[in-house]
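The lines below spell out each chain.
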Amino acid sequence: MNKVALPTPEQLVRKTFARFTDEEIIPKAREMDEAEEFPRWMFEKIARTGAYGIRYPRSVGGAGGTTTQFCIMVEEIARGSMSVAAFTAMQCLMGTNFIFEYGTPEHHERLLKPAIRGEKVACFALTEADAATDLGGVKTTAVRDGDNWVINGSKTWITNAPVADFFTVLCQTDKTKGLKGLNFFLIERGTPGLYISKKFDKLGTRATEISELAFTDVRIPFENRLGKEGQGVGNLMRILAVIRTMTAALSIGLARAAFDHSKRYAMERTQFKQRIGSFQLIQQKIANMATDIWAAELMTYKTAEMIDQGQRALKEASMSKYFASEVACRCADEATRIFGAYSYSMEYDVQRFYRDCRFLLFGGGTSEILQTIISRECGVF
Ligand SMILES: Cc1cc2nc3c(=O)[nH]c(=O)nc-3n(C[C@H](O)[C@H](O)[C@H](O)COP(=O)(O)OP(=O)(O)OC[C@H]3O[C@@H](n4cnc5c(N)ncnc54)[C@H](O)[C@@H]3O)c2cc1C
């Protein structure tokens, strides 16, 4: 008897989010980019797919999925819109992870579960004016005062800050301890002393909103420290490989979009009475893009598999993020050359890929710091 091969959960995630992206995101991607606003209607539409709980267990309303499934999902969404993929990734991972891991049952009921349902927006604040790649420079302080913590300082470049309901914020509790004095704290919107600046005017991912946060004597309950004293950076390191692999998957999504548009255009546009795709120099670009994307896919999904098997995979995740984000930028660049002048028109999507790909170079570690980490992991430092 012939056996019917059932689709794997990974294939189902791919199919579901490929269709969602084609039908719901791509037709609206330019409109969302031009509006330069957080598209709450799209945020809620994505919530209805169950996306925000993909990597959390059913006990908190999630789907109990793997890192591989999470990466496939954000890759497909990024193929449609990097802005939508960025806020989806924030909601699934950085913005909610520390509350899931270290929050109280009350935090889970009041914040995490509604966030997974798309009723509350999450956000993650590490970066400061003078502390970006070097988190050792974080100056925002959290000082114990009886049953409270009192937070003072500021953060910058915080995705979702203008629209977020709660913030996971990295603060220093003991300056003498450097990185070991850093801890994460949960701060809710509306807490007295929390100020949110007006949103930044920026080059890409324009359907995300980014701003600064300032904290002046912000008083929060003692249980809002997320994790044990001094373990903030250690706890961040535990999900760093997932953050980097996820960013590599976002990069593949954008690279595929640039490739698909280039391929179509190369077969349609004629010059010298021929399709431009018949010119060897255009074929070379298509071949290099396809090769780069395949290599990035192999690296990224092998790393996701290693993470799912419980391996540390920090070197592999750093390599995947470094390589895939550079691939996204190379593909976006090649696409603008293939489209020629039309890549310069706001009526074509290629300009959006070219602007949005730059975002991939920063989050999860810049290419420069990742190269330093990879070299160190190889034993050269
Ligand atoms: C669109 C966008 C969204 C963001 N969202 C968030 C967010 O939600 N939350 C958040 O906390 N942050 C966010 N950030 C900030 C982001 O995490 C930082 O941009 C990133 O940490 C890099 O910091 P920086 O850009 O200030 O560069 P810097 O750290 O100032 O580095 C400047 C340059 O020096 C290089 N460099 C630094 N140190 C070294 C070194 N040791 N060796 C070699 N080269 C080095 C860097 O690679 C870079 O080329 C966002 C940024 C952007 C652009």
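To continue, consider the overall build of the protein chain. The secondary structure content of the protein chain amounts to 11 helices and 10 strands. A compact globule built from 381 residues should have a C-alpha radius of gyration of about 21 Å, and the protein chain, at 21 Å, falls within 12% of that. The principal-axis extent of the C-alpha atoms belonging to the protein chain is close to 80 × 60 × 50 Å. Scored against the burial criterion, the 381 residues of the protein chain give a buried share of 49%. The contacts of the protein chain with a sequence gap of at least 6 include a subset with a gap of at least 24, amounting to 74%.

This paragraph deals with the pairing of strand β2 (residues 141–145). Where a strand is regular, its side chains alternate between the two sheet faces. Sheet topology note: the β2/strand β3 (residues 148–159) ladder contains 5 bridges and is antiparallel. Opposite alanine 142, over in β3, you have isoleucine 151 as the bridge partner. Between β2 and β3, which pair antiparallel in sequence order, lie 2 residues; one of them, glycine 146, sits at a positive phi of approximately 60°.

Let us now look at helix α8 (residues 280–308). Compared with an ideal rise of 1.5 Å per residue, which puts 29 residues at 42 Å, α8 spans 42 Å between its outermost C-alpha atoms and is within 8% of the ideal. Of the surrounding secondary structure, the elements contacted by the buried residues of α8 are α3 (67–80), α7 (232–268) and α9 (314–339). A positive backbone phi angle near 90° is found at glycine 310, which sits one or two residues after α8.

Look at α7 against α9: their axes get within 8 Å of each other, and the N-to-C directions meet at 20°. Compared by their axis directions, α7 and α9 come out roughly parallel. Viewed along their axes, α7 and α9 form a crossing whose handedness is left-handed. When grouped by side-chain class, the residues that make up the contact of α7 with α9 number 20 nonpolar, 8 polar and 3 charged.

Residues in close proximity to the ligand total 18 residues, the closest being Ala132, Thr133, Thr159, Thr366 and Glu368. Within the residue set of the shell around the ligand, elements represented by two or more residues are β1 (122–125), β3 and α11 (367–377). Residue contributions to the shell around the ligand reach at least three from each of two domains, namely domain 2 (122–232) and domain 3 (239–377).

Another aspect to go through is the environment of proline 192. In this fold, proline 192 is placed in the loop between β5 (182–188) and β6 (194–196). Sequence spacing of proline 192 and valine 242 is 50 residues, and the spatial spacing of their C-alpha atoms is 34 Å.

It is worth spelling out the packing of helix α1 (residues 9–35) against α3 at this point. For the pair α1 and α3, the least separation of the axes is 8 Å and the interaxial angle reads 20°. Relative to α3, the element α1 is oriented roughly parallel. In terms of crossing hand, the pair formed by α1 and α3 is right-handed. Of the residues in α3, those touching α1 at Pro9, Glu10, Val13, Arg14, Phe17, Ala18, Thr21, Ile25, Ile26 and Ala29 are Thr68, Gln69, Ile72, Met73, Glu76, Ile77, Arg79 and Gly80. For the contact of α1 with α3, the class distribution of residues is 10 nonpolar, 4 polar and 4 charged.

Split by domain assignment, the protein chain resolves into domain 1 (9–116), domain 2 (122–232) and domain 3 (239–377). Computed over C-alpha atoms only, the centres of domain 2 and domain 3 are separated by 31 Å. The interface is formed by 4 residues belonging to domain 2 together with 6 residues belonging to domain 3. Class assignment of the residues belonging to the side of domain 2 that touches domain 3 gives a composition of 1 nonpolar, 3 polar and no charged.

Conventions adopted
- Residues numbered from 1 in each chain as written.
- Predicted model: local features only at pLDDT ≥ 70, side-chain atom pairs only at ≥ 80, totals over all residues.
- Helix = DSSP H or I, 4+ residues; strand = E, 2+ residues; numbered from the N terminus.
- Rg over C-alpha atoms; globule rule 2.2 N^0.38 Å.
- Buried ≥ 20, exposed ≤ 12 C-beta atoms within 10 Å, placed from the backbone.
- Contact = placed C-beta atoms within 7 Å.
- Pairing = 2+ DSSP bridges.
- Expected span 1.5 Å × (residues − 1).
- Axes fitted to C-alpha atoms, helices over the stretch in contact; angles between N-to-C directions.
- Parallel < 35°, antiparallel > 145°, perpendicular 65-115°, else oblique.
- Left-handed = near helix turned anticlockwise from the far one by under 90°.
- Nonpolar A, V, L, I, M, F, W, Y, C, P; charged D, E, K, R; others polar.
- Near = placed C-beta within 6 Å.
- Domains from an automatic or database assignment.

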